Amino acid sequence: MGERGEALRLGVLLSGEGTGLENLLARIEAGEVPARVAVVIASQARAGGLRRASLRGVPAVAVPRRRGAAGAAPRALDEFNDRIHAELEKHRVEFVALLGFLSPFQPRGYLGRAINVHPALIPAFCGPGMFGRRVHDAVLARGVKLTGATVHFVDEEYDHGPIIMQRAVAVEAGDNSETLAARVQAVERELVPEVIRLYAAGRLEIQGAQVRIHPD
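The shown structure was predicted, so the numbers you read here are calculated from the model rather than taken from an experiment.

Scoring rules and cut-offs
- Residues numbered from 1 in each chain as written.
- Predicted model: local features only at pLDDT ≥ 70, side-chain atom pairs only at ≥ 80, totals over all residues.
- Heavy atoms only, no water.
- Helix = DSSP H or I, 4+ residues; strand = E, 2+ residues; numbered from the N terminus.
- Rg over C-alpha atoms; globule rule 2.2 N^0.38 Å.
- Buried < 20%, exposed > 50% of the residue type's maximum accessible area, 1.4 Å probe, protein only.
- Areas by Shrake-Rupley, 256 points an atom, 1.4 Å probe, with all protein chains shown as cover.
- Lys, Arg positive; Asp, Glu negative; His and termini not counted.
- Charge placed at Lys NZ, Arg CZ, Asp CG, Glu CD.
- Salt bridge = Lys/Arg side-chain N within 4 Å of Asp/Glu carboxyl O.
- Pairing = 2+ DSSP bridges.
- Polar contact = N/O pair within 3.5 Å; in protein donor to acceptor, adjacent residues only side chain to side chain.
- Contact = heavy atoms within 4.5 Å.
- Axes fitted to C-alpha atoms, helices over the stretch in contact; angles between N-to-C directions.
- Parallel < 35°, antiparallel > 145°, perpendicular 65-115°, else oblique.
- Left-handed = near helix turned anticlockwise from the far one by under 90°.
- Nonpolar A, V, L, I, M, F, W, Y, C, P; charged D, E, K, R; others polar.
- Core = buried A, V, L, I, M, F, W, Y, C linked by side-chain atoms within 4.5 Å.

## Looking at the overall build of the protein
Thinking step 1. In terms of helices and strands, the protein carries 5 helices and 9 strands.
Thinking step 2. A compact globule built from 216 residues would reach a C-alpha radius of gyration of about 17 Å, and the protein, at 17 Å, matches this within 12%.
Thinking step 3. For the protein, the spread of C-alpha atoms along the principal axes amounts to about 50 × 50 × 40 Å.
Thinking step 4. In the protein, buried positions account for 48% of the 216 residues.
Thinking step 5. For the protein, the computed accessible surface area is about 10,700 Å², with 51% contributed by carbon and sulfur atoms.
Thinking step 6. Charge-centre separation for the protein: the mean point of 27 positive side chains lies 4 Å from the mean point of 25 negative side chains.

## Comments concerning the pattern of salt bridges
Pairs can form between side chains of opposite charge once their charged atoms are near each other.
Thinking step 1. One pass over the full model with this rule turns up 13 salt bridges.
Thinking step 2. Glu22 is the salt-bridge partner of Arg56, the closest N and O atoms lying 2.8 Å from each other. Here the residue Arg56 occupies a position in the loop between helix H2 (48-55) and strand E3 (60-62), and Glu22 occupies one in helix H1 (residues 19-29), the gap between them amounting to 34 residues.
Thinking step 3. With its nearest N and O atoms 3.3 Å apart, the salt bridge here joins Glu32 to Arg27.
Thinking step 4. Where salt bridges share partners, they join Glu22, Glu29, Arg52 and Arg56 into one cluster.

## Comments concerning the pairing of strand E5 (residues 114-118)
Thinking step 1. The buried fraction of E5 amounts to 5 of the 5 residues, a majority that puts the element mostly inside the structure.
Thinking step 2. Every second residue of E5 is oriented toward a common face, with Ala114, Asn116 and His118 on one face and Ile115 and Val117 on the other, all of them buried.
Thinking step 3. In this sheet, E5 lies alongside strand E4 (residues 95-98) in parallel orientation, the contact comprising 3 bridges. Looking across to E5, one finds that Leu98 is bridged to Asn116.
Thinking step 4. With 4 bridges connecting them, E5 and strand E6 (residues 146-153) associate as antiparallel partners. Following the sheet pairing, Asn116 is matched in E6 by His152.

## Regarding the side chain of Ser15
Thinking step 1. Turning to its location among the elements, Ser15 is positioned in the loop between strand E1 (8-14) and H1.
Thinking step 2. Overall, the relative accessible area of 6% leaves Ser15 in the buried class.
Thinking step 3. A polar contact is formed between the side chain of Ser15 and the side chain of Ser43, at a distance of 2.6 Å.
Thinking step 4. For Ser15, the residues in contact, after removing those within four places along its chain, are Ser43, Gln44, Ala47, Gly100, Phe101 and Leu102.

## Overview of the packing of H1 against helix H5 (residues 177-200)
Thinking step 1. The N-to-C vectors of H1 and H5 enclose an angle of 50°; their axes lie 10 Å apart at closest approach. With respect to H5, the axis of H1 lies oblique. Crossing angle aside, the handedness with which H1 passes H5 is right-handed. Contact with H1, carried on its side by Thr19, Asn23, Leu24 and Arg27, involves Arg189, Glu190, Pro193 and Ile196 of H5 and no other residues of that element.
Thinking step 2. Here the contact of H1 with H5 is composed, by residue class, of 3 nonpolar, 2 polar and 3 charged.

## Focus: the environment of Ser43
Thinking step 1. Tracing the backbone shows Ser43 in the loop between strand E2 (35-42) and H2.
Thinking step 2. On the basis of relative accessible area, Ser43 is assigned to the buried category, the value being 9%.
Thinking step 3. The spacing of Ser43 and Ala62 is 19 residues in sequence and 6.0 Å in space, taken between C-alpha atoms.
Thinking step 4. The contacts of Ser43, once residues within four sequence positions are left out, are Leu14, Ser15, Val63, Pro64, Arg65, Phe80, Phe101 and Ser103.

## Description of the nonpolar core
Thinking step 1. One finds Leu10, Val37, Val40, Ile115, Ile164 and Ile196 to be the most contacted residues of the largest nonpolar core, which totals 44 residues.
Thinking step 2. Here the element with the most residues in this core is H5; it accounts for 9 residues.
Thinking step 3. Leaving out residues up to four positions away in the same chain, Leu10 has contacts with Leu24, Ile28, Ala35, Arg36, Val37, Ala38, Val39, Val93, Phe95 and Ile196.

The following block contains the structure:
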């Protein structure tokens, strides 16, 4: 929980339309998640999630990633993350949720306090370049019978940190990337609020590469 029993202060990072953000805000308003979104940060100035945040009175900030020369890429990434962390600090964020954030995030002081949601069962169909429709296209091309969603803690590697929760989704005959994505997204919208609720209740413990969920 937040300081002095206050609601957990969340920072949400996104790059797109923000439907996951909308779901989280609705769950918070319904009293299902003891948290508040303190700031929404987008890696694209035109991200629809910024508008969704603003309409609900949530501070919304664009932090576009600047593209430099190839040799300057690590420095540019560090500078990009510097600006993100400055906003997180400004808004006194305690916990970070990456909800469709398509740029690398360096957790720094948020190790164990930052989560990512991925539209597949990690370690399958994940890693650099595997996001959004690309994931579902790869699932369908491979012909697997089960996919799903994963929520994991963020570490310094892409789609790698300790897994908190996963839920399987069956791949059905006749599926395309849109129909499959819709069912996976429905699962994501259940998992993310639940994980934040568990964290706020102090029920998540990282033990090496694993996460233990303590009982009530």
